[in-house]
Amino acid sequence: MMAQNQRLEQHRFIPSGKQGGLLARYEEIIGKKAVDELREYREGFSGRRIIHVNSTFVGGGVAEILRREVPLANELGITTEWYRIKGNEEFFETTKGFHNALQGRMLDDPASLIARYHDFYQNGGGTLNRPLIDFLGNLSREDVVIIHDPQPLYLIHHMKQSEALKLWRIHIDTTTPDPHTMSFVVDQATHYDGIISTMHEYVKPHLNGYRNIYMLAPSIDPFSDKNRTMLTGEVRGRITRFGIQTDRPLLVQVSRLDPWKDPCGVIDVFETIRGYGRDCHLALVYNSADDDPEGAAMEEMVKKYRDRSPYREDIHLVIGDDPLDVNAFQRHAAVVIQKSIREGFGLTVTEALFKEAPTVVNGVGGITLQVLDGSTGFSVKPYRVDRKARAICAEEYGRHVDEFARTCIRAMDSREDSAKIGKRGREAVVEKFLATSKLKNLLDIILDCGADGAH
Ligand code: UDP
């Protein structure tokens, strides 16, 4: 048991033709010139290796990004590997607490959370991750380590001897973090050679005097099962397999069940739309990341919320483990909703825009990089929440839900406008949020951060 637990856990990609030929396929979308430009990086990275470390190979945005960018970099000839740290249930509960606190939830006792995090690394976690710690500690000057999010952040203390370039990439919206938690995170993060965040606003105010801050949005892979073209018959077949009729307008939100994704708020919006006499049904498509212990309790809560609804028969809770199902729901949707209260970026939005789906969002965080109201989608003004993701003012929340519902109706009704907006949404994604352009940005960051020889 021990021997198995102590293996170095590297993500292995399917070594079939499925992964190869990626660049040639991208050429069809982004053009030969852009792909040739990307190929030029190979020389600059000769003899170097990029190592990503996060906490899960499955579920959530980070895994989605790495699943694309790692094989793409390898095909380019830049050796890139992906490892995960291991943790126990308590550790993931702690780091989920970190995630929530950084995202805005005020903690009653941040010190105990921080103590538990420390404790993990100083005790069991150190042993559990010994192979990874040894591996990272012995990297050479040519290597580049990219540590993702707070779970493996602390590993910096085990890499002090290593001359590798060390970057920390944070995917969380830290506009209004719990100050204690943020200050602890900043203390660790500033040991890195560079910090990468999705938006300047997230980290800049907390990192006074720290130089190497970089911005990098995530990306999607247009050829993955999640995003590849699907024929209408295939789409319908997938939807009906869940017992959902395809002849009525379907509203869809694809998201982990998490308070910050506001699944109950989506149900409120749906009920309001039905209250306006509009026939439609709703699918909440969700999966759970294996580093998200809150998922099960939230699932229970959302089910209860659904069951008290007069429209419960029309609210479908769908497990979105199969990317082709997610793809089908996003394509079939009359409206894709993303009602997140906080959102680091929101890959689900990128995926919906790429499919030209009429998309109605709460205008927060990284979503605002993607949805420009009336141009690439429909954006609704957010309502204010407290540190526990609850509305501060019931009246304001009521107005917000009503506006959200009316915006969904508008997106369903004005088909011509929605089609134009959908096209622009896709164009924006092709230009800015495909894996190729983000990989290029990342390689530039590495070259820039490594250039001063400071590491
Ligand atoms: N996702 C999925 N199935 C689901 C729910 C989500 O495959 O049932 C995927 C979704 O398509 C997206 C990712 O998980 O690619 C979620 O990324 P996002 O940035 O939207 O949110 P995060 O979970 O990282 O907060």
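In this text the structure is predicted, and so the values were computed from the model without any measurement. Along each chain, residue indices are assigned from 1 in the same order as the chain's sequence is written. Since the coordinates come from a predicted model, pLDDT governs what is reported: local features require at least 70, and pairs of side-chain atoms require 80 or more to be given and counted, while whole-chain, interface and lining totals use all residues.

A. Molecular detail of the overall build of the protein. Starting at the N terminus, helices and strands are each numbered in turn, a helix being any DSSP run of H or I of at least four residues and a strand any DSSP run of E of at least two. The secondary structure content of the protein amounts to 20 helices and 12 strands. In this description the radius of gyration comes from C-alpha coordinates, and the expected globular size is given by 2.2 Å times residues to the power 0.38. In summary, the protein has a C-alpha radius of gyration of 22 Å against a globular reference of 23 Å for 455 residues, a match within 12%. Counting only residues that meet the buried cut, the protein has 48% of its 455 residues in that class. Once C-beta atoms are placed from the backbone, any two residues with those atoms within 7 Å are in contact. The long-range fraction of contacts in the protein, counting pairs at least 24 apart against all pairs at least 6 apart in sequence, stands at 72%. Around each residue's C-beta, the other C-beta atoms within 10 Å are counted; 20 or more make the residue buried, 12 or fewer make it exposed, and counts in between make it partly exposed. All C-beta atoms are placed from the backbone.

B. Highlighting the domain arrangement of the protein. Either an automatic procedure or a domain database provided the assignment from which the domain bounds are taken. Examined at the domain level, the protein breaks down into domain 1 (2-219 + 434-451) and domain 2 (232-432). Inter-centroid distance (C-alpha atoms) of domain 1 to domain 2 is 28 Å. Opposite the 27 residues of domain 1 that make contact, domain 2 presents 23 residues. Taken together, the elements giving at least two residues each to the side of domain 1 that touches domain 2 come down to helix H5 (60-75) and helix H6 (89-103). Considering each element in turn, the side of domain 1 that touches domain 2 owes the most residues, 6 residues, to H6. Side-chain classes are defined by residue name, with Ala, Val, Leu, Ile, Met, Phe, Trp, Tyr, Cys and Pro counting as nonpolar, Asp, Glu, Lys and Arg as charged, and the others, Gly among them, as polar. Of the residues belonging to the side of domain 1 that touches domain 2, the class tally is 9 nonpolar, 12 polar and 6 charged.

C. The arrangement of helix H13 (residues 263-275) in detail. The length a helix should cover is 1.5 Å for every residue beyond the first. Relative to the 18 Å expected for 13 residues at 1.5 Å per residue, H13 spans 18 Å between its end C-alpha atoms, a close match to the ideal helical length. Buried within H13 are the following residues: Pro263, Gly265, Val266, Ile267, Asp268, Val269, Phe270 and Ile273. Buried positions along H13 lie against strand S7 (250-254), strand S8 (281-286), helix H14 (295-307), strand S9 (315-319), strand S10 (335-338) and helix H18 (394-413). Taken from the residues just after H13, Gly277 is the one with a positive phi, measuring 85°.

D. View of the packing of H13 against H18. Each axis is a line fitted through C-alpha atoms, taken for helices only over the stretch in contact, and angles between the N-to-C directions span 0 to 180 degrees. Axis separation between H13 and H18 bottoms out at 8 Å; the angle between their running directions is 65°. Of the two elements, H13 crosses H18, and the hand of that crossing is right-handed. Each of Gly265, Asp268, Val269, Thr272 and Ile273 in H13 lies in contact with H18, whose residues at this interface are Val401, Asp402, Phe404, Ala405, Cys408 and Ile409. Grouping the constituent residues of the contact of H13 with H18 by class yields 7 nonpolar, 2 polar and 2 charged. We call a crossing left-handed when the near helix sits turned anticlockwise from the far one by less than a right angle, and right-handed when that turn is clockwise.

E. Structural detail: the site of the ligand. Among the 18 residues in the neighbourhood of the ligand, the closest are listed as Gly61, Asn287, Gly320, Leu347 and Thr348. At the level of secondary structure, the elements contributing two or more residues to the shell around the ligand comprise H5, S8, helix H15 (323-332) and helix H16 (347-354). Residue classes in the shell around the ligand are distributed as 7 nonpolar, 7 polar and 4 charged. Each of domain 1 (2-219 + 434-451) and domain 2 (232-432) accounts for three or more of the residues forming the shell around the ligand. Here is the check we use: build the C-beta atom from the backbone, and if it is within 6 Å of the molecule or strand, call the residue near.

F. Local environment of the nonpolar core. Here, a nonpolar core denotes buried Ala, Val, Leu, Ile, Met, Phe, Trp, Tyr and Cys residues that are linked to one another through C-beta atoms within 7 Å. Grouped together as the largest cluster of nonpolar side chains are 117 residues, with contacts concentrated most on Val252 and Cys408. Residue-level mapping places this core at the junction of two domains, with at least three residues from each of domain 1 (2-219 + 434-451) and domain 2 (232-432). Aside from chain neighbours lying at most four places away, what touches Val252 is Ala283, Val285, Phe329, Gln330, Ala333, Val336 and Ile337.

G. Representation of the pairing of strand S11 (residues 359-362). Burial of the side chains of S11 extends over both faces: Thr359 and Val361 are buried on one face and Val360 and Asn362 on the other. Pairing between strands is defined by DSSP: at least two bridges between the two strands are required. Across 3 bridges, the pairing between S10 and S11 is parallel. Bridge assignment links Gln338 to a residue of S11, and that residue is Val361. Note that the unit made of S10, H16 and S11 has a crossover that is right-handed. Looking at chain direction, S11 and strand S12 (residues 378-380) are connected through 3 bridges and run parallel. What sits directly across from Val361, in S12, is Ser379. A right-handed crossover is one whose linking path, passing over the helix from the first strand to the second, runs clockwise when the strands point away from the viewer.

H. The arrangement of the environment of Val285 in detail. Residue position: Val285 is located in strand S8. For the pair Val285 and Val58, spaced 227 residues apart in sequence, the C-alpha to C-alpha distance is 16 Å. Not counting the four nearest positions on each side in its chain, Val285 is found in contact with Val252, Val254, Val318, Gly320, Val326 and Phe329.

I. How the structure looks around the environment of Asp322. For Asp322, the location among the structural elements is in the loop between S9 and H15. Asp322 sits in the partly exposed class, given 13 other C-beta atoms within 10 Å. For the pair formed by Asp322 and Ala111, sequence separation is 211 residues and the distance between their alpha carbons is 39 Å.

J. Here's a closer look at the sheet that holds S11. Spatially, S9-S8-S7-S10-S11-S12 is the arrangement adopted by the 6 strands of the open sheet, whose pairing is parallel. Sheet topology places S9 and S12 at the edges, where each strand pairs with a single neighbour. Across this sheet, the average inter-strand angle for adjacent strands is 25°, counted without regard to direction. Where S8 and S9 come together, 5 bridges link them in parallel fashion. Across the sheet, residue Tyr286 finds its bridge partner in S9, namely Ile319.

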